[in-house]
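What follows is the residue order along each chain.
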Amino acid sequence: MTLHQTSGRWRLGLALSLFTVFMWGILPIALKVTLQVLDVYTIIWFRFLVSFGVLGVYLAARRELPAPEKLRSTTLGLLAIATVFLAMNYGLFMLGLAQTSPANAQVLIQLAPVLMGLGGLAIFKERYALHQWVGLGVLTSGFALFFHEQLRTLISAQSTYLLGSGLVVIGAAAWAVYALAQKQLLQQLPSSNIMMVLYGGCALLFSPFAAPQRIVALVEMRNFPSLHVGMLIFCAFNTVMAYGAFAESLEHWEASRVSAVLAVAPIVTLIAIWAVSLLVPALIPPERITVLGVMGAVLVVAGSVTIALGKSR
């Protein structure tokens, strides 16, 4: 089997990865707010449905819809794996987020890009130079410092908090499988075509569990909850933009380097939580960051940059 090769446009891959980091960094906050009024499955179904519709209209306008003969020639088994594991990631992350905090969920989901990076080394024969391995060590040390307080809270947490954390961890492993399948699918289809098929497939998987009438009731309420509706719409468009950027970044950059940049997402989340709790204290409780946490943040960024920008062997 011929493995996918990147285009070599690493600057574009880096820019797309950074955009994905920002969108995924603020997403847990919007999801936590939306969970106040809607169930997990309805939110996920709506996100996939809107993403499928928006991307379908965009591709139709550009006359870039996937041709039936091209889809038939694609490895359908690999496409099915990507669809199922992406759906698993969404479901498990949302179920876990409902029982934990946005910061804790974002901490644990970082296992996903780490596993994706290791998968890139093992499957796609990508290689780290010595200083990149050093960068990985620095990044790991940074996370240990940065999330010292969160991890201590996790260990002493209630059973529901621990269950939610476990679901997020399994969701992270599911995401890594999806991401590696997505990268190989780029050998046969453009990233936009792949994502359209995945969005449609995931929307179908969640349809039996969704309750669209709850969204209709939310919109038709007398006291129109514009905040929650706005957050729901943002979550849906976040899916289109973030995953579109992520899928395209894999076209131009190695999976191991993309994963290193994605590791910065929790820092964006904690900064966003701090800003939101300052502006709207009743919406999201603030996160406490110690001096060790600040030192860890610096190490995480330094390690990510070392891995991402270093020359591979």
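What counts and what doesn't
Residues numbered from 1 in each chain as written. Predicted model: local features only at pLDDT ≥ 70, side-chain atom pairs only at ≥ 80, totals over all residues. Heavy atoms only, no water. Helix = DSSP H or I, 4+ residues; strand = E, 2+ residues; numbered from the N terminus. Buried < 20%, exposed > 50% of the residue type's maximum accessible area, 1.4 Å probe, protein only. Contact = heavy atoms within 4.5 Å. Areas by Shrake-Rupley, 256 points an atom, 1.4 Å probe, with all protein chains shown as cover. Salt bridge = Lys/Arg side-chain N within 4 Å of Asp/Glu carboxyl O. Axes fitted to C-alpha atoms, helices over the stretch in contact; angles between N-to-C directions. Parallel < 35°, antiparallel > 145°, perpendicular 65-115°, else oblique. Nonpolar A, V, L, I, M, F, W, Y, C, P; charged D, E, K, R; others polar. Expected span 1.5 Å × (residues − 1). Polar contact = N/O pair within 3.5 Å; in protein donor to acceptor, adjacent residues only side chain to side chain. Phe/Tyr/Trp six-rings, centres within 6.5 Å; stacked < 30°, edge-to-face > 60°. Left-handed = near helix turned anticlockwise from the far one by under 90°. Patch = residues over 30% accessible without salt bridge, like charges linked within 9 Å, V, L, I, M, F, W, Y side chains within 5 Å.

**Q** Describe the overall build of the chain, listing the residues and the values that go with them.
**A** In terms of regular secondary structure, the chain is built from 15 helices and zero strands. The buried share among the 313 residues of the chain stands at 52%. Contacts in the chain between residues far apart in sequence, at least 24 positions, make up 89% of those at least 6 positions apart. Counting every atom, the chain has about 14300 Å² of accessible surface; 70% of that belongs to carbon and sulfur.

**Q** Can you break down the pattern of salt bridges residue by residue, with the values?
**A** Enumeration according to the criterion identifies two salt bridges in this entry. One salt bridge connects R214 with D39, and the closest N-O pair in it is separated by 2.7 Å. Taken together, the residues span a long stretch of sequence, with R214 in helix α11 (residues 212-220) and D39 in the loop between α1 (10-34) and α2 (40-61) at a distance of 175 residues. For R214, a relative accessible area of 45% puts it in the partly exposed group. The partner of R62 in a salt bridge is E64, and the shortest N-O contact between them spans 3.3 Å. For E64, a relative accessible area of 32% corresponds to the partly exposed category.

**Q** How would you sum up the packing of helix α12 (residues 226-252) against helix α13 (residues 255-262)? Please name residues and give values.
**A** Between α12 and α13, the shortest axis-to-axis distance is 8 Å and the interhelical angle comes to 140°. As summarised for this structure, α12 and α13 are arranged oblique, according to the angle between their axes. Only A255, V258 and L262 of α13 make contact with α12, whose side of the interface consists of F246, S249 and L250. Grouping the constituent residues of the contact of α12 with α13 by class yields five nonpolar, one polar and no charged.

**Q** Break down α2 for me, citing the residues and quoting the values.
**A** Taking 1.5 Å per residue as the helical rise, α2 with its 22 residues ought to reach 32 Å, and the 32 Å between its terminal C-alpha atoms agrees with that figure. The opening residue of α2 is D39, an N-cap whose side-chain oxygen sits 3.2 Å from the backbone nitrogen of Y41. Just beyond α2, the residue with positive phi is R63, at close to 55°.

**Q** Quick rundown of the environment of G293? Include the residues and the values.
**A** Looking at the secondary structure, you find G293 in helix α15 (residues 291-309). You can call G293 buried: its relative accessible area is 1%. Considering only alpha carbons, one finds G293 and L145, 148 residues apart in sequence, at a separation of 5.6 Å. Dropping the residues within four chain positions of it, G293 is found in contact with L145 and F146.

**Q** Give a detailed account of the packing of aromatic side chains, specifying residues and quantitative values.
**A** A full pass over the atoms with the stated rule returns 13 aromatic pairs. Ring centres of W24 and W175 lie 5.9 Å apart, and the angle between their planes is 85°; on these two criteria the pair is classed as edge-to-face. With W24 in helix α1 and W175 in helix α9 (residues 159-185), the pair connects residues that are 151 residues apart, well separated along the chain. Exposure remark for W24: the relative accessible area of 14% places this residue in the buried category. Feature note: the residues W24, F48, Y90, W175, Y178, Y199, F206, Y243 and F246 constitute an aromatic cluster, connected by ring pairs.

**Q** Provide a residue-level description of the side chain of S17, including the pertinent values.
**A** Within the fold, S17 resides in helix α1. Judged by relative accessible area, S17 falls into the buried class, the value being 0%.

**Q** Requested: an account of the packing of α1 against α12, with residues and values cited.
**A** For any two helices packed against each other, one specifies the crossing angle of their axes together with the interaxial distance. For the pair α1 and α12, the least separation of the axes is 8 Å and the interaxial angle reads 155°. Classified by the angle their axes make, α1 and α12 are roughly antiparallel. The two elements α1 and α12 cross, and the hand of that crossing is left-handed. Class assignment of the residues belonging to the contact of α1 with α12 gives a composition of 21 nonpolar, eight polar and one charged.

**Q** Describe a nonpolar patch on the surface, and please don't skip the residues or the numbers.
**A** The grouping of F19, V54, I233, F237 and M241 at the surface amounts to a nonpolar patch, some 390 Å² of accessible area in total. Looking at which element gives the most residues to the nonpolar patch, the answer is α12, with three residues.

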